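Residue strings, one per chain:
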Amino acid sequence: MLELVFPKDTNYHGTAFGGWVLSLMDKAASIAAVRHAGGNVVTARMDGVDFHVPIRVGDAVALDAQVVRVGRTSMTIRVDVYREDMPTGEQELATTGYFVFVALDDHNRPRPVPALADGHDTSSAHPDHEARP
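We now turn to the structure provided with this report.

About the cut-offs
Residues numbered from 1 in each chain as written. Predicted model: local features only at pLDDT ≥ 70, side-chain atom pairs only at ≥ 80, totals over all residues. Heavy atoms only, no water. Pairing = 2+ DSSP bridges. Helix = DSSP H or I, 4+ residues; strand = E, 2+ residues; numbered from the N terminus. Axes fitted to C-alpha atoms, helices over the stretch in contact; angles between N-to-C directions. Buried < 20%, exposed > 50% of the residue type's maximum accessible area, 1.4 Å probe, protein only.

**Points about the sheet that holds strand 5 (residues 91-103)**
Working definition: the strands of a sheet are paired by backbone hydrogen bonds and lie parallel or antiparallel to each other.
Then, in step 1: One open sheet accounts for five strands, arranged 1-3-4-5-2; its pairing is antiparallel. In this open sheet, the two edge strands, each paired with only one partner strand, are strand 1 (2-4) and strand 2 (41-51). Adjacent strand axes in the sheet meet at a mean angle of 25°, parallel and antiparallel pairs treated alike.
Then, in step 2: Strand direction decides the pairing type here: strand 2 and strand 5, joined by eight bridges, are antiparallel. Pairing of D50 across the sheet is with T96, part of strand 5.

Below you can see the structure in the form of C-alpha cells.
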C-alpha cells in the first residue's frame, strides 16, 4: 500500500498520528491475512509496534505486509512502514509491527488456515531493505 501524509493526518508537530499509522498497518495486514486465509478474517491483536522515526506531512508511506507465522486458525502478519521524503526520494524504515488475525467461517467461527510453505516461517526475520516497496 502507498499513502501520502496530509496535514489532517498529523499532530501539531507535523508528524503522523500514531493511530493513523496503526490504521494503515491494520488495513495492510488484513489484506495479507485475507489473501492467505482465502476468506474472512478479524484482527485479534496488535503486538510490538515500534515507531523508529517520525513520518512528516508531505512524506509518502509505503507499507509491506507479510504472513510470518500460522497457527491452526490464526496468522501473524509483520507490517513494515517506510517513509519517503518525496523531493529527495530518501526512504527509511519508520515503523514495524505484528498483527494477529483469526480466519472466520460463514458462521463467524474460527476456521483452519493453510500452513506456510516449508521454511517460510519468517517471524524473526528483519526487514529486507532492498525489497521495500
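**What about the environment of V67?**
Then, in step 1: Residue placement: V67 occurs in strand 3 (residues 60-70).
Then, in step 2: Residue classification places V67 among the buried positions, given a relative accessible area of 12%.
Then, in step 3: Sequence separation between V67 and R78 is 11 residues, and the spatial gap between their C-alpha atoms is 6.4 Å.

Nothing here speaks to function; it is geometry throughout.
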